[in-house]
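# Structural characterization, general
Now for the letters of each chain:
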Amino acid sequence: MTLDLSISRRGALGLAGGAAATLAMPGIVRAAGVDLVVHYSMPAIFKDAQEAIAAAFNARQSAIRVSYVNPTPTYEDGAQLILRQAATGQLPDVSFQGLNRLRLFAERGIALDLRGLLKDEGDPARLGYSAPLLGLGFHGGSQAGLAFATSNPISYYNADLLKRVGADPEAFPKTWDDAIALSAKIAGLGDGINGMFFRWPGDDWMFSALLYGYGGRMLTTDEKAVAFNGPEGLAALKLLDRMVKEGRMPNLAASASSTQDLQAFAAGKLGMMFRTTAQVRAISQSVGANFTLRTTVMPVIDPVKGRLPTGGAGAMITAKDPNRQRAAWEFVKFATSAEGTSLMVKNTGYVPTNQIAIDNPEYLGDFYKQNPLFVAATKQVPLMIPWYAFPGQNSVRVTQVMVDQLARIAEQKATPEAVLADMATEVTKLIPTP
Amino acid sequence: MAEAATIAQTRAAPARRHAGETAVAWLLAAPATLAYVAMILVPSLALVVLAFTDYELGAPGFRWVGLGNFTELMADRGFLRSVANTALYVLFVAPVSVALGLAIALLIEGGRRGRALFRALFFLPVVSLTVAMATAWSYILHPTIGPLNALLRAVGIDGANWLGDSGTVLLSLGLIGIWENAGFNLVLFLAGLTAIPRDLYAAAEMDGVKSAWDRFVTVTWPMLGPTTLFVVIITTVRAIRVFDTVATLTQGGPNKASEVILFTMYTEGFSFFRMGYSAAITLLFLVAVTVLMLVQNRLIDRRVHYG
Amino acid sequence: MAGVTIASLHKRFGAVRAVDDVSLDLSPGEFVSLVGPSGCGKTTLMRIVAGLERAEGGTVSIAGRDVTGLRGADRNVAMVFQSYALYPHMTARQNIALPLVMRRLGARQRLPLVGRAWPGTRAALAGIEADVIATAESLGLGHLLDRKPAQLSGGQRQRVALGRAIVRRPDVFLMDEPLSNLDAALRVQTRKEIVDLHRRAGASTIYVTHDQAEALTMSDRVAVMMAGRILQVANPTAVYDDPRDLRVARFIGSPRINTLAAEIGADGLVRVAGQAMGLAASARGAHVYALRPEHLVLAPAPLMQGRGLAARVEHVEFLGEALLVHARLTATGEDVVARIAPEDRNRLPADGVVGFVAAPGRGLLFGADEARVAAVPTAPMPAGARVHG
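Residues numbered from 1 in each chain as written. Chains lettered and ligands numbered in written order. Predicted model: local features only at pLDDT ≥ 70, side-chain atom pairs only at ≥ 80, totals over all residues. Heavy atoms only, no water.

Further remarks concern the sheet that holds strand β12 (residues 269-272) of chain C. The strands that make up a sheet are held in pairs by hydrogen bonds between backbone atoms, and each pair lies either parallel or antiparallel. Residue and element names in this part refer to chain C. In spatial order, the strands read β20-β14-β11-β12-β13-β21; together these 6 strands make up an open sheet with antiparallel pairing. Edge positions in the open sheet fall to β20 (364-366) and β21 (376-377), since each of these has one partner strand only. In this structure, β12 lies alongside strand β13 (residues 275-280), joined through 3 bridges in antiparallel fashion. Its bridge partner being in β13, Arg271 is matched across the sheet by Ala276. (Pairing = 2+ DSSP bridges. Helix = DSSP H or I, 4+ residues; strand = E, 2+ residues; numbered from the N terminus.)

Residue and element names in this part refer to chain A. Trp176, Phe198, Trp200, Phe228 and Met243 are the most contacted members of the largest nonpolar core, which has 138 residues in total. Tallying contributions element by element places helix α19 (residues 395-410) first for this core, with 9 residues. Taken together, domain 1 (2-151 + 310-382) and domain 2 (153-309 + 387-430) each give at least three residues to this core, which thus spans both. Not counting residues within four places of it along the chain, the set of residues in contact with Phe228 comprises Leu211, Arg217, Met218, Gly233, Leu234, Met402, Leu420, Met423, Ala424 and Val427. (Core = buried A, V, L, I, M, F, W, Y, C linked by side-chain atoms within 4.5 Å. Buried < 20%, exposed > 50% of the residue type's maximum accessible area, 1.4 Å probe, protein only. Domains from an automatic or database assignment. Contact = heavy atoms within 4.5 Å.)

Here we take up the pairing of strand β3 (residues 94-98) of chain A. Residues and elements named next belong to chain A. In terms of burial, β3 is a largely internal element, 5 of the 5 residues being buried. Sheet topology places strand β1 (residues 34-39) next to β3; 2 bridges connect them, and they run parallel. For Val38, the partnering residue across the bridge sits in β3 and is Val94. As judged from the 5 bridges shared by β3 and strand β11 (residues 308-317), these two strands associate in the antiparallel manner. From the neighbouring strand, Val94 faces β11, where its bridge partner is Ile317.

A word on unusual backbone geometry. Going from C:Ser254 to C:Pro255, the amide bond is cis rather than trans, its omega being -5°. Assignment of secondary structure puts C:Pro255 in the loop between α8 (246-251) and β11 (258-264). You will see that A:Glu223, though not glycine, has its phi angle at about 60°, which is positive. Tracing the chain through its elements places A:Glu223 in the loop between α10 (205-213) and α11 (231-245). The residue C:Ala227 is not glycine, and still its phi comes out positive at about 45°. Summarising the element assignment, C:Ala227 is placed in the loop between β9 (221-226) and β10 (229-234). Its relative accessible area of 57% is what places C:Ala227 among the exposed residues.

With that settled, the discussion passes to the interface of chain C and chain B. Facing 27 residues of chain C, the contacting portion of chain B comprises 19 residues. When chain C packs against chain B, close to 2000 Å² is buried across both sides, 60% of that on carbon and sulfur atoms. Of all residues in chain C, the largest losses of buried area upon contact with chain B belong to C:Arg71, C:Tyr87 and C:His89, amounting jointly to 26% of the total for that side. Our enumeration of links across chain C and chain B arrives at 4 salt bridges. With a shortest N-O distance of 2.6 Å, B:Lys210 and C:Asp74 are connected by a salt bridge. Between chain C and chain B we count 13 residue pairs in polar contact (both at pLDDT 80 or more) in total. Elements supplying a minimum of two residues to the side of chain C that touches chain B: α1 (42-50), β6 (77-80) and α2 (92-104) of chain C. (Buried area = accessible area lost by both parts, 1.4 Å probe. Salt bridge = Lys/Arg side-chain N within 4 Å of Asp/Glu carboxyl O. Polar contact = N/O pair within 3.5 Å; in protein donor to acceptor, adjacent residues only side chain to side chain.)

Once that is clear, we can look at the sheet that holds strand β5 (residues 65-66) of chain C. All names here are of chain C. Strand order in this open sheet of 4 strands is β2-β1-β4-β5, and the pairing throughout is antiparallel. This sheet does not close on itself; its edge strands, each paired only once, are β2 (16-26) and β5. One ladder, built from 5 bridges, connects strand β1 (residues 4-13) with strand β4 (residues 57-62); its direction is antiparallel. Opposite Val4, over in β4, you have Ile62 as the bridge partner. Sheet strands touched by α1: β1, β2 and β4. Its angle to β1, the strand with the most contacts, is close to 120°. (Axes fitted to C-alpha atoms, helices over the stretch in contact; angles between N-to-C directions.)

Another aspect to go through is helix α15 (residues 338-348) of chain A. All names here are of chain A. Turning to α15, its buried residues are Ala338, Gly340, Thr341, Ser342, Met344, Val345 and Thr348. Of the surrounding elements, those touching the buried residues of α15 are α3 (43-60), β6 (146-151), α13 (280-287), α14 (322-335), α16 (355-359) and α17 (361-370). Of the residues flanking the end of α15, it is Gly349, one or two places downstream, whose phi is positive at about 100°.

The next point concerns the UniProt feature "transmembrane region" (unreviewed entry) in chain B. Residues and elements named next belong to chain B. UniProt marks residues 24-52, 87-108, 120-140, 169-196, 216-240 and 275-295 with the feature "transmembrane region" (unreviewed entry), using the numbering shown here. The distance separating the terminal C-alpha atoms of residues 24-52 is 40 Å; by composition the span is 93% helix and 0% strand. Between the C-alpha atoms that bound residues 169-196 the distance is 40 Å, and the span itself is 93% helix and 0% strand. (UniProt positions renumbered as here; feature names shortened; annotations may be inferred.)

The next thing to look at is the confidence of the model for chain B. Residues and elements named next belong to chain B. For chain B, the mean per-residue pLDDT works out to 86, and 93% of the residues sit at or above 70. For chain B, helix α1 (residues 2-50) is the element with the lowest average pLDDT, namely 77, and helix α3 (residues 77-110) is the one with the highest, namely 93. pLDDT under 50 marks residues 1-8. Its contacts with residues more than four places away, or in other chains, come to 0 contacts. (pLDDT = per-residue confidence, 0-100.)

Next up on the list: the domain arrangement of chain A. Residues and elements named next belong to chain A. Considered domain by domain, chain A is made up of domain 1 (2-151 + 310-382) and domain 2 (153-309 + 387-430). Measuring from the centre of the C-alpha atoms in domain 1 to the corresponding centre in domain 2 gives 30 Å. Facing 22 residues of domain 1, the contacting portion of domain 2 comprises 26 residues. Where domain 1 abuts domain 2, roughly 2000 Å² becomes buried across the two surfaces, and 56% of that area is made up of carbon and sulfur atoms. Of all residues in domain 1, Arg103, Leu373 and Gln380 bury the most surface against domain 2, accounting for 32% of the area lost on that side.

So, on to the interface of chain A and chain B. Counting residues at the interface gives 37 residues for chain A, matched by 39 residues for chain B. Taking both partners together, chain A and chain B bury about 3100 Å²; carbon and sulfur atoms supply 47% of that area. The largest share of the area that chain A buries against chain B comes from A:Arg108, A:Gln393 and A:Arg397, three residues that together contribute 20% of it. Across the pair A:Glu426 and B:Arg77 runs a salt bridge, and its minimum N-O distance is 3.8 Å. Between the two partners, chain A and chain B, sit 14 residue pairs in polar contact (both at pLDDT 80 or more). Looking at the side of chain A that touches chain B, the elements that each hand over two or more residues are α4 (75-88), α12 (260-266) and α19 of chain A. Counting residues per element, the side of chain A that touches chain B draws most heavily on α4(A), which supplies 7 residues. Classifying every residue of the side of chain A that touches chain B gives 13 nonpolar, 13 polar and 11 charged. (Nonpolar A, V, L, I, M, F, W, Y, C, P; charged D, E, K, R; others polar.)

Turning to a nonpolar patch on the surface, a few remarks are in order. Residues and elements named next belong to chain B. On the surface, a nonpolar cluster with roughly 650 Å² of combined accessible area is contributed by Tyr36, Val37, Met39, Ile40, Leu41, Val42 and Leu45. Looking at where Tyr36 falls in the secondary structure, it is placed in helix α1. For Tyr36, a relative accessible area of 43% gives the class partly exposed. (Patch = residues over 30% accessible without salt bridge, like charges linked within 9 Å, V, L, I, M, F, W, Y side chains within 5 Å. Areas by Shrake-Rupley, 256 points an atom, 1.4 Å probe, with all protein chains shown as cover.)

With that out of the way, let us pick up the packing of α3(B) against helix α10 (residues 225-240) of chain B. Residues and elements named next belong to chain B. Contact geometry for α3 and α10: axes closest at 9 Å, N-to-C directions at 145°. By crossing handedness, the relation of α3 to α10 is classed as right-handed. Residues Thr86, Tyr89, Val90, Val93, Ala94, Ser97 and Val98 of α3 lie in contact with α10, whose contacting residues are Val231, Val232, Thr235, Thr236, Ala239 and Ile240. Split by residue class, the contact of α3 with α10 holds 9 nonpolar, 4 polar and no charged. (Left-handed = near helix turned anticlockwise from the far one by under 90°.)

This is how it looks when you write it as C-alpha cells:
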C-alpha cells in the first residue's frame, strides 16, 4: 500500500518537475531530511570522484545529506563488509560494488531491484541510460544496480621499444598475429626485455576478453551448463598458448595483487601490456619520463562477433526503508547522470557510462583532448558487454578455478585442449545443478 | 552452649573472610575472564557450530550439513594441496630458521664487536611489515628485471622464475619465511645465551673441554634447552600460520602451487563467502595445531627442563 | 705432588688494578687461603692461576713448569666454584665423570652410540666408571649418583662439585668460596671434610674466601689480600697474633681489633690519652695502638687506682660463650670492645664506669703508614687488678 502510494506521488512529482532528471530533486525537499550513508571501495581510485560527486549533490539540494562510511580498500573487502552488515542489520543506504559482484547481492536479496524506481522515471534514455549500461547491472532477472564507472581492457605499449625493433608506434598491431610477432621481435632484444604480458592472473576477466573476442560465452543462456568449452574457448586458450610460445610471454607471478608486470613495464623492460584501462593513471605516473607511454584499443579477434568484458563499479541500493530508498535513488541517479559521470571520469580515468556524457562533447571533450591515454577505452564502448557473474554460491570460486587452469598454459604444463577439458569439468561441478 | 557458640563464631569468621577473598579474586580476574570469553571462547564455539552448517556470508539463514563440509574437504584438491604445501613449508622453514637463528646468535655472541648492530640488522625483518615488503620481494625475485636473477646472470647462472614457476614458488616463499623468522629466533637465542651462567664455561674449561664444538655440546646446547623448545614451538606455529607472504605475493598460485591452509581458509571464507566450509577448515587447523603443540611439548619438555 | 709459584702477576680491569704485583709460593701439598674483602682481587688471582684469565705480566708455574701461556684445560688444575657450576642436564655420575671423559676419550670415542664401537672405548669407560664410584663413595655420594643436581640438596651438590674436582687427581686445587652457599652448620662440617679431603689428596690447594674463620681454621698459611696486593702470608697464628699491617690486623679477628691513637714520648713509652700502655718503642711521635678485644683487661674504675684508661660501658652483647662489652673512652671518646667471660658480667660496676689496661705483652703498635712498628712490653700488671685473662 505505502509503496504504491509513494510511487504514485513520486510519479506525480517527477512529471511536475519536468525536463532533466536532476531537477526532480526539489520534490524530495518536502519528503523529509534524510542523512544518506554511502559506502564505496578502492579509495585510492575513487576518493576524489566520490567526494566531488557528494559535494555537488549536497550543494544542489538540502533535503538529503550524503556522507560516506570508511571506504574499503578493495572490491573484495567491500563485498565482505556489506555481507557482514547484511547479517548484522547495519547496512548503509547505497553501496558501490564491483560490477560482477552485483549478482551475488541480488541473489542474496541485499540489492534492491531498481526496476520499479526506473519505471517511474519514464524513458531511461532520457536519463542517459542506454540498454548496454542497464545490462551491466541486470542479473538473474533483477536490476541489481546501475553501472557507475566502467572499464575495458586496452593495449599499453612502450613506443621506444617499438621503435628499437623498427615498428611504427603510430601503427600498433590490429591483430593478435601481428602483436605476437611484434612481441617476439621485442623479446629478441635480450637484456631481460620481454615483448608482452597479457594479464591473465587474478581473475577470469582477461580470459573473458579472449573468449568474448571469439564471440564465445561462459555458460549457456539458461545458465545450466558450461558454454566456454566450445571452439571459441579452445581458440581463446590456443591464443594464450601462442602468446607464451611464439610471443615469448614471461610467466610473471600469478596473483591479482602482483605488480611484476607493472614493475617490468615501468622499468622499460616490457614492450606491451594488455590490461584494464583503470590503471592508466597509475601506470603513466610510474612510467614518468622513462619512455614514451602510449595506449590504444585491443587487437581485434573477430570484427563481427567480438566483444569485450566490462569491469568497474556499480551503485546498488541497500536501504530497506522506502523513504530512504527514494533518497538513495536520487543520489544513485545523480552519481550516474551525465554530470556525475563527468566528475567520475575526470577524477579517475574510467570510461563514462551515461550516454548523454558520451554524446555531448560539452561534458568531457576537453578532458580527452588533454588526456589522450584515456581515449583508447572510450573507443571500445560499443563492444562492452557484462563481465559474466556466475550463478550460485560458488560464483567467485569459479573464477579461481579458471585462473588456476590458465596458469598451466602460462607455465606450459598442459595443452589448451587438456586445460579446456579440465576447466569445463571443474566449473560444471561448481555451478548450481538444476 | 556459650562455648559452642564461640567456637561456631570463630569458625564462621574465617569462612566469611574466605568468601570475601573469593569475591575479590573473581573481581580481579573478571576483566581477563570476560575478555577471554568474549574474544576467544565464544568465537571458538561459534566456529565449531558454523563448521557443521552451510552458512554463507550475507545469506539470510543456514542449514545443518553434519559432516558434509568435512567430507567435501577430504575430496577437495585445493585443500589437500594446501595441507601438503603447508607441511612442506613448515618442514623447510621451521628447522632452517631455528638452526640459522642459533648459528647467527652464536656468531654474534662469540664476536667482539658490533653486537648491537648485527642484532638490529637481523631483527629488521621481524619488525618490517610483510605487506610493505611484498613489492620489494616481487621486484627482487622478478624473473627478468629482478636483482637476484641479475646477480645470478653475472656469475653465469640462469635464474629461476622464483614466484611464477610452480616448481620454485614454495621454495621462494620458504626462503622469505626463513628470512622473517631467523631474526626473531636469533633474538630469542641471544637472550637464552646471556642467561647461561659464565661459571659453567669456566667449569668446562677446567674439566678439559677444549674445542668450541665440545663446549657447545657440553654447556651451550643443553643450557639452551628451554629456549630451544620455546623457539621451535613458536617457529612451528609461525610457519604453520604463513599467510601474508602468500596473500601479497602469489595468492596461492600458480595453479595452487603455493596454496597454504590459512590462505585457503581466507579465500573460502572471505573471497568465496563460504563461512561454513571455511569454519570447517579452521576447526581442523586448530585441532591439528593443538595436537602438534602438545606432542612437541611432551616430547621435548622432559628433555629440556632439568628438574 | 706439585708446588705452585706465582711471580709478580699484574692484571687490570680498566683503571682498576685487580692484581697488583702479586707473588706467592705454595710448597707441594700446601693449603693456602686467599682471604680479603670483596673486590680485593683474590678471585681474579685464582682465575689467573686456573688459566681462566690472562695476566698482563708475571708468571705462574706449577710443579716447576711455567704454565703462563697454557689454557686452563691444559694446566691439570681443578676448580670448585661458589655456584658449584654443575651441569644441570647431567646426573651426578656424569658430572663427576666429565673431566675423565674429556681426558681419557678421543673426540670420536665421545660420539653418542658410534663412540662405543671405537677400539678401547669400552675399557676406558669401565675405568672411568670405577674411578667415579671410588670418588663418590669417599664423599658419601654413592647412592645419589643417578640424580640430577636439581634433585640434590646444597650440601650434596657441593660434594658432587668436590668429586668432579678430585676425581682426576689434579696437581692443584682451586676453591672459590665453596662454602658460602651453605648454611652455617653445614659450613662448619664441610670445612672439616675439605681439610680431610685435602690431606688425603695431597694436592696443593688455593682456597679463596672472604670468611676469615674458614681461612684460619683450614689453612697451612693465610694470604691476606687487599686492593690487589697480598699484605701478609703467614700461618694462621702469625696472621692473627702478629699482623704485619694494620689492615691485616683489622681484617682478621672478630670483633675487630681495637685501635687507639697513641703517642710515643721521648722516654719511648707508648701512651694513649696520656696513659702508658706497657709498651716501649724506639720510634717517636703519633702511632696507632691496637689491642684485640680478648686482650682488654677490665676492672671497676676504683680498683684501677688511677691506672689504666677510664671508659663508660655503652652496651653489653651476650654471645653465649662470651660477653662483648662496648665502651667509650672518657678521655678521647674512642670506642673499644672487650671480650669477657659471661660469669664476669656481675662484676661490671653499676655506674658503668670502668678502667682497662692491656693484657701483658699483648698490645700492637702500627705506624702512620699502617705498617707494624717494633715494640717491647714494659712492666707487668698488678695481680689485683685482673678481671679476666
